[in-house]
Amino acid sequence: MLPGRHDPSDEGRGTAAARPAAGAPGAARPGVVYLVGAGPGDPGLFTQRGAELLATADVVLHDELVHLALLDGVREGAEVRSVGKRGGDRVVKDAKQAEIDAELVALGLAGRSVVRLKGGDPFLFGRGSEEAEALARAGVPFEVVPGVCSPLGATAYAGISLTHRNIASSVMIVSGVTRAGKGFDWSELASVRGTICVLMGMQALDAVVAGLTGPGRRDPATPAAAIQWGTRADQRVVTSRLDELPRRAMEAGLQSPAVIVVGAVTRLRDALRWFDRKPLFGKRVLVTRPRHQARSTSRLIRLRGGEAVELATIEIHPPPDPARVTEAVRGLSGYDAVVFTSENGVACFFREMERLGLDARAFGSARLAAIGVGTAAALAARGVRADIVPGEFRGEELAQALLADPALAERLAARPDVRVLLPRALVAREVLPERLRAAGCEVDVVPVYETRPASTERREELLRALSAGTIDIVLLTSSSTVDSLCDLLGEGAAARLDRVLLASIGPITTATAAKRGLRIGVTAEVSTTAGLLDALDRYFAAQQAAPASAGD
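I will try to describe carefully the structure that is included in this document. Because the structure is predicted, anything quoted here is derived from the model rather than measured.

Thresholds, definitions, all that
Residues numbered from 1 in each chain as written. Predicted model: local features only at pLDDT ≥ 70, side-chain atom pairs only at ≥ 80, totals over all residues. Heavy atoms only, no water. Axes fitted to C-alpha atoms, helices over the stretch in contact; angles between N-to-C directions. Helix = DSSP H or I, 4+ residues; strand = E, 2+ residues; numbered from the N terminus. Parallel < 35°, antiparallel > 145°, perpendicular 65-115°, else oblique. Left-handed = near helix turned anticlockwise from the far one by under 90°. Contact = heavy atoms within 4.5 Å. Core = buried A, V, L, I, M, F, W, Y, C linked by side-chain atoms within 4.5 Å. Buried < 20%, exposed > 50% of the residue type's maximum accessible area, 1.4 Å probe, protein only. Phe/Tyr/Trp six-rings, centres within 6.5 Å; stacked < 30°, edge-to-face > 60°. Pairing = 2+ DSSP bridges.

Further remarks concern the packing of helix α2 (residues 90–109) against helix α3 (residues 128–138). Their axes nearest at 9 Å, the elements α2 and α3 cross at an angle of 45 degrees. On the basis of their axis angle, the class for α2 and α3 is oblique. As for how α2 packs across α3, the hand of that crossing is right-handed. Residues Gln97, Ile100, Asp101, Leu104, Val105 and Leu109 of α2 form the contact with α3, whose participating residues are Glu130, Glu131, Ala134, Leu135 and Ala138.

Now the structure itself:
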């Protein structure tokens, strides 16, 4: 695999090793239905208990508004279905809810472990109490796992503190629509002096404001805000006087789902806003890595305020000669050094070791080298520490670091047959084995996997995304990513990609991109995914500062 294709962290990856096994303490139990709050949108706000249940349940029924990244935590083989009820037809929605209630009961009685994954908190206007009542009537055991509700999550991410010692000492949360479809009796709020949060009120915002300023006895000049898609990268916030909120929200194009906040605390936004000031906030970033590697990268993007668009441009396939891999693993004790140049190489090699019943002891006295911190982390996750990791993550530096290693240098000086195993991709740069051979090493290059272009369906999906403008940034994490992306797009690839910001993980990848006619906007100084995202942060931070500087 080419240098540059590695990730510094496995955070957020749904590995089987990290998941509790079925029947383990804390795992979802047969015949029990778990009403689990998914939180307001950001997957990072999901609770630990919720993740534990999601990883062990037999069936997951989720709302439409649940962030799909949460479903990465579902165990392999579990049944997953969306049972969302969006829309304004209350008769249809009530009928759908009755079906959900009946299905939860049936699944519980059948002995299945079930997670009912609901946006926000199950009991706060989420109809979770109705589902719990149906389960109780049928004698089906259930548990409730609270979630961060949208009034708390959305306001915090918008920079609005619901209470403040000097401004508001109470919060009232109301639904803009009752079960019968009628408006809330706003006169109930006439004596309330704290903050008011209105959920499900955007479709009748004019009526909500009229109710608040009429029977609710709110001053039309009261500060107010509307927050759409709170806690997500596409969060949008409008602030204004209460009586101007419908017009301002319509001009901004705000729709459901949104939280309406009324009260003096909304004035705090200018001072407290933090989420939508992140340099990557709102940016849609194309992650071209294979699915199992994209998860950790996507999480890093979300932590910086962006949203990952996962669409792999390559697929990982078994090597053309699996017997060579088996032979190399069985002969590990005969090597002086084993060199890994990608996380994929580590995963594929250790998969064969596990198949043969071997563990870290099989490496014997061999020195272990990793091209970068991401590859070293992949080894560490398997209980093996890399002895050699170069300061710069390229084949040239890795070769130099290997030859400068005291233990390996001593062996080279003592005998001419120092053996090095290089498990890697079928196609990769030859600089590393060439330099090692030139220094007198005997190098066995063993392909442990092969990368192939993505399917035609992926090409059409990518073309649609680029044409629709739903991608702002493309991460180029290796030379092979550049080539596969250009090959996938075909003729005119450079012109299509000229509409987005291309971000390269390092000089080698940038050079490959230039050969393919691509215009790179950002090149990382540190060739890791985190280093690339740091470079993007600096790029957009400079853009944000430029207008202010121009006006000074």
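The next subject is the nonpolar core. Counting 27 residues, the largest nonpolar core has Val338, Phe349 and Phe363 as the members making the most contacts within it. Breaking this core down by element, the ones donating at least two residues are α9 (322–330), β14 (337–340), α10 (343–355), β15 (367–370), α11 (373–380), β16 (419–425) and β17 (442–453). The biggest single contributor to this core is α10, with five residues.

To describe a pair of aromatic rings, one takes the distance between the centres and the angle between the planes. According to the stated counting rule, one finds ten aromatic pairs in the structure shown. Measuring from ring centre to ring centre gives 5.9 Å for phenylalanine 350 and phenylalanine 363, while their planes differ by 40 degrees; the resulting arrangement is tilted. In this pair, phenylalanine 350 is assigned in helix α10 and phenylalanine 363 in the loop between α10 and β15, connecting sequence segments 13 residues apart. Ring pairs connect the aromatic residues Tyr157, Trp274, Phe275 and Phe281, which therefore count as one cluster.

Time to look at the sheet that holds β17. Strand pairing in a sheet relies on backbone hydrogen bonds. The paired strands run either parallel or antiparallel. Read across the open sheet, the five strands follow the order β13-β17-β16-β14-β15; overall the sheet is mixed. Because the sheet does not close on itself, it has two edges, and the strands there are β13 (314–317) and β15. The average undirected angle you get between the axes of adjacent strands in this sheet is 25 degrees. Relative to β15, β14 is paired through four bridges, and the arrangement is parallel. Residue pairing across strands places alanine 337 opposite arginine 367, the latter belonging to β15.

Scope: geometric values only; no functional claims are made or implied.
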